[in-house]
Amino acid sequence: NAGVTQTPKFQVLKTGQSMTLQCAQDMNHNSMYWYRQDPGMGLRLIYYSASEGTTDKGEVPNGYNVSRLNKREFSLRLESAAPSQTSVYFCASSEMGETYEQYFGPGTRLTVT
Amino acid sequence: DQQVKQNSPSLSVQEGRISILNCDYTNSMFDYFLWYKKYPAEGPTFLISISSIKDKNEDGRFTVFLNKSAKHLSLHIVPSQPGDSAVYFCAASVSGTYKYIFGTGTRLKVLA
């Protein structure tokens, strides 16, 4: 099992460009999440999908959109990248509910110039 | 407003000794707490969790203690090993919200 996979691993964008971060899990988990990690800030939840067909905003959703394509895949889109979106992005999945641990992907390091 | 706080950015401990990592929270509605370990260039990995109905949970060398009245939890690692050197995050959630709030992390260095 690959667990949670993310593509790409690294990306450099110019301000105003758009891109989609891809995430897939092979653990048959119902819930999926997108976080960003910034120095001194810990991990902050951007969006989550409690189950296939549903998505909800987290702590810092502005500037992002998500799509739960199917049970396996959850993508994060930046429509018009800004330097403030320079960060490391992590996708995670879990069984449905908060009392299950999350499994994280390896991360995507995004730089917006 | 930081709901989950890890006030020590870093901690150094000698191999074989106990490591104690602390976490404080402000939201009394949190009822489930988790600890994650993160190595550089990797995603966090789950370590141990505790429900608010318990005050202690143990898994091998790792023990988490929860003091609800103080809104404080701690992770004890005994004995500490060099491979434990990593950043440790605590996280908290409220049942029904699907939202995990993470602390800012503590970098543990175990010295051989």
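Scroll up a little and you will see the structure.
Below, the structure is looked at part by part. (Residues numbered from 1 in each chain as written. Chains lettered and ligands numbered in written order. Predicted model: local features only at pLDDT ≥ 70, side-chain atom pairs only at ≥ 80, totals over all residues. Heavy atoms only, no water.)

On to unusual backbone geometry, then. Between Thr-7 of chain A and the following residue, Pro-8 of chain A, the backbone shows a cis peptide bond with an omega angle of -10 degrees. With respect to the helices and strands, Pro-8 of chain A occurs in the loop between β1 (4-7) and β2 (10-13). The step from Val-78 of chain B to Pro-79 of chain B runs through a cis peptide bond, and the omega angle for that step is -10 degrees. In this fold, Pro-79 of chain B is placed in the loop between β8 (72-77) and β9 (86-93). Of note, Ala-41 of chain B is a non-glycine position whose phi angle comes to about 60 degrees, a positive value. By relative accessible area, Ala-41 of chain B is classed as exposed at 70%. For Lys-71 of chain B, which is not a glycine, the phi torsion comes out positive at approximately 50 degrees. By the element assignment, Lys-71 of chain B lies in the loop between β7 (62-67) and β8. (Helix = DSSP H or I, 4+ residues; strand = E, 2+ residues; numbered from the N terminus. Buried < 20%, exposed > 50% of the residue type's maximum accessible area, 1.4 Å probe, protein only.)

This paragraph deals with the pattern of salt bridges. Residue and element names in this part refer to chain A. Counted according to the given criterion, the structure contains 5 salt bridges over all chains. The closest approach of N and O atoms between Arg-36 and Asp-38, which form a salt bridge, is 2.9 Å. Side by side, Arg-36 and Asp-38 carry an identical accessibility label, which is buried. Salt-bridge contacts for Arg-44 lead to Asp-38; the nearest nitrogen and oxygen are separated by 2.8 Å. In this pair, the class of Arg-44 matches that of Asp-38, namely buried. One salt-bridge network, in which partners are shared between bridges, spans Arg-36, Asp-38 and Arg-44. (Salt bridge = Lys/Arg side-chain N within 4 Å of Asp/Glu carboxyl O.)

Everything listed is a geometric property; what it means functionally is a separate question.
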